[in-house]
Amino acid sequence: MEKTIFITGASSGLGKATAKLFQSKGWNVIATMRNPENETELTQLDNISLLPLDVTNLEQIKTSVREAISLHDIDVVFNNAGYGLMGAMEGLTDKKIARQINTNLLGVLRVTQAFIPYFREKKSGLFISTTSIGGFMGFPLHSIYHATKFALEGWSESMSFELSKFGIGIKTIAPGGISTDFAGRSLDFNKQAEYSDIENKLLEVVDVMMKNASTAEQIAEVVYEAATDNKDQVRYLAGVDAHMMHERRLEIGKESFRKEIGQQFL
């Protein structure tokens with residue numbers, strides 16, 4: 001029986017890699033993005049439908065979800081749209097803070113909420129959201145990004161209880177570094193002179209991290225695993241670096257790990 005996945009943020013990186021992987025496995029894919037008219041690669045593939053979706057636009061969420069449901073019987077919703085806001089909180093404008101929360105957090109909540117009645121009625125369905133190893137631990141100059149990713153982890157765990165009674169699952173994919181254009185197109189780095197020393201250190205650390213980063217295709221394999229393993233499991237760490245950091249934190253404890261991270265920025 002053919003299955004269908006609905007993906008947000010499918011124009012590049014993990015979203016696009018996931019669309020291509022599921023298509024290659026025989027799934028129907030509804031790939032959403034802000035500007036589908038600019039997409040050239042996914043349009044060449046069979047069984048991929050493109051829809052416009054800006055996850056900060058509540059009315060467009062409702063319209064696109066209705067249209068998606070009319071196209072196919074949907075089995076999985078992959079909340080992947082997001083970007084990283086970087087910089088000292090002191091210097092962030094309220095507009096930038098709101099944009100980060102609207103995209104990374106409220107976008108996921110609103111897309112999910114729009115699909116719940118549909119999944120509840122059919123008594124099945126699965127939500128998967130891209131979080132981050134940054135949903136478990138904090139790094140300098142990423143406070144608002146972490147606020148959204150920590151929030152998604154806690155929200156998903158809570159949602160697992162209310163959705164399970166209707167046969168609906170919810171899962172998170174928590175990657176470490178992904179060697180995509182996230183560090184370019186999907187990163188908003190807000191620099192501030194008073195924090196230049198820590199900014200420079202952070203760029204050095206990110207540079208090292210990206211050398212050990214997973215490919216988007218490797219992380220997409222974890223999304224496919226989560227979508228098809230039928231496990232009652234909320235969290236999926238993705239990537240060697242994410243596993244290593246998580247294990248180190250468990251080994252030495254949260255506070256010692258926090259101090260160890262801090263030492264890198266002295």
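What counts and what doesn't
Residues numbered from 1 in each chain as written. Predicted model: local features only at pLDDT ≥ 70, side-chain atom pairs only at ≥ 80, totals over all residues. Heavy atoms only, no water. Helix = DSSP H or I, 4+ residues; strand = E, 2+ residues; numbered from the N terminus. Rg over C-alpha atoms; globule rule 2.2 N^0.38 Å. Buried < 20%, exposed > 50% of the residue type's maximum accessible area, 1.4 Å probe, protein only. Contact = heavy atoms within 4.5 Å. Areas by Shrake-Rupley, 256 points an atom, 1.4 Å probe, with all protein chains shown as cover. Lys, Arg positive; Asp, Glu negative; His and termini not counted. Charge placed at Lys NZ, Arg CZ, Asp CG, Glu CD. Axes fitted to C-alpha atoms, helices over the stretch in contact; angles between N-to-C directions. Parallel < 35°, antiparallel > 145°, perpendicular 65-115°, else oblique. Left-handed = near helix turned anticlockwise from the far one by under 90°. Nonpolar A, V, L, I, M, F, W, Y, C, P; charged D, E, K, R; others polar. 1 Å grid on protein atoms, 1.4 Å probe; cavity = no way out; pocket = protein on both sides within 12 Å on 5 of 7 lines; lining within 4 Å. Points joined across faces, edges and corners; volume = space filled by probe spheres on them. Core = buried A, V, L, I, M, F, W, Y, C linked by side-chain atoms within 4.5 Å. Salt bridge = Lys/Arg side-chain N within 4 Å of Asp/Glu carboxyl O.

## A word on the overall build of the chain
The helix and strand tally for the chain stands at eight helices and nine strands. Here the chain has a C-alpha radius of gyration of 18 Å; the compact-globule value for 266 residues is 18 Å, and the two agree. With the C-alpha coordinates aligned to their principal axes, the bounding extent of the chain is approximately 55 × 40 × 30 Å. In the chain, buried positions account for 49% of the 266 residues. Within the chain, counting contacts between residues at least 6 apart in sequence, those at least 24 apart form 69% of the total. Only carbon and sulfur atoms are counted for the fraction: they give 51% of the accessible area of the chain, which is about 13,000 Å². Here the chain contributes 28 positive and 33 negative side-chain charges, whose respective centroids are spaced 3 Å apart.

## So, the packing of helix α7 (residues 240-252) against helix α8 (residues 254-263)
Geometrically, a packed helix pair is captured by the angle between its two axes and the distance between the axes. Between α7 and α8, the shortest axis-to-axis distance is 6 Å and the interhelical angle comes to 125°. Taken together, the axes of α7 and α8 are oblique relative to one another. The handedness of the crossing between α7 and α8 comes out as right-handed. Contacts from M245, R248, R249 and I252 of α7 reach α8 at K254, S256, F257 and E260. Within the contact of α7 with α8, the residues separate by chemical class into three nonpolar, one polar and four charged.

## Here's the deal with the layout of surface pockets
Empty space among the atoms becomes visible once a probe the size of a water molecule is rolled across them. Approximately 470 Å³ is the volume attributed to the second largest pocket. Lining the second largest pocket are 23 residues, and of these G125, L126, G167, G169 and N230 sit closest to its centre. Of all the elements in the fold, those that place two or more residues in the lining of the second largest pocket are β6 (125-130), α4 (143-164), β7 (168-175) and α6 (216-228). Of the residues forming the lining of the second largest pocket, the biggest block, four residues, is contributed by β7. Here the lining of the second largest pocket is built from residues that sort into eight nonpolar, nine polar and six charged.

## A short note on the side chain of T103
Mapping T103 onto the fold places it in helix α3 (residues 94-122). Every residue in contact with T103, bar those within four places of it in the chain, is listed here: V55, T56, A81, G82, Y83 and V108.

## Quick look at the nonpolar core
With 30 residues, the main nonpolar core has I5, F22, V29, I128 and I173 as its most contacted residues. Elements with a contribution of two residues or more to this core: β1 (4-7), α1 (13-24), β2 (28-33), β4 (76-79), β6, α6 and β9 (235-238). Looking at this core, the element that brings in the most residues is α6, giving eight residues. The next biggest cluster of nonpolar side chains, apart from the first, holds 24 residues, and it includes I74, V77, L105 and I168.

## As for the pattern of salt bridges
Under the criterion given, the structure shown has 14 salt bridges. Across the salt bridge formed by D188 and K96, the nearest N and O atoms sit 3.1 Å from each other. With D188 in strand β8 (residues 187-189) and K96 in helix α3, this residue pair connects regions lying 92 residues apart in the sequence. By relative accessible area, which is 25% here, K96 ends up partly exposed. Of the charged contacts, one joins E260 and R248 as a salt bridge, the two residues approaching to 2.6 Å between their closest N and O atoms.

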